[in-house]
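What the coordinates show
Chain by chain, the residues:
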Amino acid sequence: MDKTTEETDYLDSADSLKSIGKTNENPSFLEHRGNRKNFLTVINFFLLAIGGLLILSPLWWMVSTSLKTMAEVMSFPPSFWPEDWLFSNYLRTWEAAPFTRYTINTLTITILVVIGNVLSNSFIAYGFAKIPFKGKNILFAIVLATMMIPGFVTLIPQYVLFAKLNWINTYYPLFVPAFFGSAFNIFLLRQFYMTIPTELIEAAKMEGANHFYIWWKIGLPLTKPAIATVAIFSFNGAWNDFLGPLLYLNDENLYTLQIGLQVFKGQLSTQWNYLMAGSLIVLLPVILLFFVFQKYFIQGINLQSGGK
């Protein structure tokens, strides 16, 4: 009796091992490591695609509105696709105001702001990173502390200062401050300069180079990604600036594109189709700039790539 019981237990154990072996030989779809990875990749792709569509939907709504008639814009329920694709709205928008003059004005201010931010911030950042002097860390902390001051707090004192300098209705208040640096750009560039080997700076000094020559010939070429990032941020900020020109410019011949778009906004109604067309025209240079310099922008955000 005992022998029969032992044989039965042995046979049951053998059957269990065989079943386990068959289970391991034929795993389910998600239990396979490669299939699970591919499944997660597909899920991530769909989630990113949905997120991208949600982010781009306001942009498409702007494009769609710019191609509609005013009656179709105000119709209810609103249509997602324009009935008649009126590309002539862009030409009418451009002719509604002297937008060619506004573009030249905006481009002039933007170029000056980009030049000022790149030169001043990179030079100041090089000094904080590679020139030893007493109280450097305390002074750098004070520079970073200015990032905590809201811009609206200094708006009135700046206006009073520029008014006493007789700079109202000129471009000076819009680009001169860029030549005095900004805390964020200084911090970004300083982190890049910190990655440059000190031995390289010392070798240049032994050859008779001063700090200005080292910054111009060594520092700037090695920090191109960060310089590109600062230039993109500066271009975007100056190109889209609305409050500055609104405060300091009174002459219509000096208006920028952001001020010029207000021609489509009246006291009683707004020409939304023309306003959206003008907004898209103003937005295109920023989009093109980002796509052209996207590689440098991504490298500029990576603070560890400065000395590579």
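Residues numbered from 1 in each chain as written. Predicted model: local features only at pLDDT ≥ 70, side-chain atom pairs only at ≥ 80, totals over all residues. Heavy atoms only, no water.

Brief notes about the overall build of the protein chain
To keep it simple, the criterion reads: The way it works is that DSSP assigns letters per residue, a run of H or I at least four long becomes a helix, a run of E at least two long becomes a strand, and they are numbered from the N terminus. Relative accessibility under 20% of the residue-type maximum defines a buried residue, over 50% an exposed one, and the middle range a partly exposed one, all with a 1.4 Å probe and only protein chains included. The contact criterion used is simple: two residues touch if any of their non-hydrogen atoms lie within 4.5 Å. Shrake-Rupley sampling with a 1.4 Å probe provides the accessible areas, and residues are treated as covered by the protein chains on show and by no other component.
If you tally the helices and strands in the protein chain, you get 16 helices and 0 strands. Counting across all 308 residues of the protein chain, residues that qualify as buried make up 33%. Looking at the protein chain alone, contacts between residues at least 24 apart form 71% of all its contacts between residues at least 6 apart. In the form shown here, the protein chain has an accessible surface area of approximately 19900 Å², with 68% of it arising from carbon and sulfur atoms.

Brief notes about helix α15 (residues 272–292)
Worth spelling out the cut-off: To estimate the expected span of a helix, subtract one from its residue number and multiply by 1.5 Å. Note that bend, as reported per residue, equals the angle between axes fitted to the 7 residues terminating at that residue and the 7 residues originating from it.
Counted at 1.5 Å a residue, the expected span for α15 with its 21 residues is 30 Å, and the 30 Å between its end C-alpha atoms agrees. Along its length, α15 reaches its greatest deviation from straightness, about 30°, at L283, and the proline P285 lies no more than four positions downstream. For α15, every residue scored as buried is listed here: N273, Y274, L275, M276, A277, G278, L280, V282 and V286.

Examining the packing of helix α10 (residues 198–206) against helix α11 (residues 211–222)
The packing of two helices is summarised by the inter-axis angle and the distance between the axes. Formally: An axis is simply a line fitted to the C-alpha atoms; with a helix, the fit covers only the stretch in contact. Between two such axes, the angle follows the N-to-C directions and lies from 0 to 180 degrees. The labels follow the angle: roughly parallel below 35 degrees, roughly antiparallel above 145, roughly perpendicular from 65 to 115, and oblique for the rest. Crossing handedness is defined as follows: a turn of the near helix away from the far one that is anticlockwise and smaller than a right angle gives a left-handed crossing, while the clockwise case is right-handed. All amino acids are sorted into three groups, where Ala, Val, Leu, Ile, Met, Phe, Trp, Tyr, Cys and Pro are nonpolar, Asp, Glu, Lys and Arg are charged, and the leftover types, Gly among them, are polar.
Interaxial distance between α10 and α11 falls to 10 Å at its minimum, and their mutual angle equals 140°. Classified by the angle between their axes, α10 and α11 sit oblique to one another. The way α10 lies across α11 gives a crossing that is right-handed. Between α10 and α11, the residues in contact are L200, I201, A204 and K205 and H211, I214, I218 and L222, respectively. Of the residues that constitute the contact of α10 with α11, the class distribution is 6 nonpolar, 1 polar and 1 charged.

Quick look at the packing of helix α6 (residues 136–145) against helix α9 (residues 183–194)
Where α6 meets α9, the closest approach of the two axes is 8 Å, and the angle between their N-to-C directions is 130°. With respect to α9, the axis of α6 lies oblique. As for how α6 packs across α9, the hand of that crossing is left-handed. Of α9, the residues touching α6 (which contributes F140, V143 and L144) are A183, I186, F187 and R190. Of the residues contributing to the contact of α6 with α9, the split by class is 6 nonpolar, no polar and 1 charged.

Describing a nonpolar patch on the surface
Using the following cut-off: Exposure above 30% relative accessible area and no salt bridge define the residues that can form patches, which grow by joining like charges within 9 Å and nonpolar side chains of Val, Leu, Ile, Met, Phe, Trp and Tyr within 5 Å. When a carboxyl oxygen of Asp or Glu is within 4 Å of a side-chain nitrogen of Lys or Arg, the pair counts as a salt bridge.
A surface patch of nonpolar side chains, about 890 Å² in accessible area, is lined by L107, I111, I115, L119, F123, F179, F180, F212 and W216. At the level of secondary structure, the elements contributing two or more residues to the nonpolar patch comprise α5 (99–130) and α11. The biggest single contributor to the nonpolar patch is α5, with 5 residues. The class for I111 is partly exposed, based on a relative accessible area of 44%.

Here we look at the nonpolar core
Counted only if it meets this: Definition used in this section: a nonpolar core is a set of buried Ala, Val, Leu, Ile, Met, Phe, Trp, Tyr and Cys residues joined via side-chain atoms within 4.5 Å.
Among the nonpolar cores identified, the biggest contains 45 residues, and F99, L189, Y193 and I214 are the most heavily contacted of them. Contributing elements (two or more residues each) for this core: α2 (33–66), α5, α6, α9, α10, α11, α12 (224–239) and α15. Beyond its immediate chain neighbours, meaning those up to four positions away, F99 contacts T93, W94, L257, G260, L261 and F264. One finds I109, L174, A238 and L249 within the second-largest nonpolar core, a separate group that totals 12 residues.

Focus on the environment of F99
Examined against the element boundaries, F99 turns out to sit in helix α5. Distance in space between the C-alpha atoms of F99 and L261 is 8.9 Å, their sequence separation being 162 residues.

Some details on the side chain of S122
Note the following rule: In protein, a polar contact requires one atom able to donate a hydrogen and another able to accept it; more generally it is a pair of N or O atoms within 3.5 Å, and residues adjacent in sequence count only if both atoms are side-chain atoms.
In this fold, S122 is placed in helix α5. When its relative accessible area of 0% is taken as the criterion, S122 is described as buried. Within the structure, the side chain of S122 is placed 3.4 Å from the side chain of W215, a separation counted as a polar contact. Beyond its immediate sequence surroundings of up to four residues, S122 is in contact with N117, L189, Y193, W215, L220 and I227.

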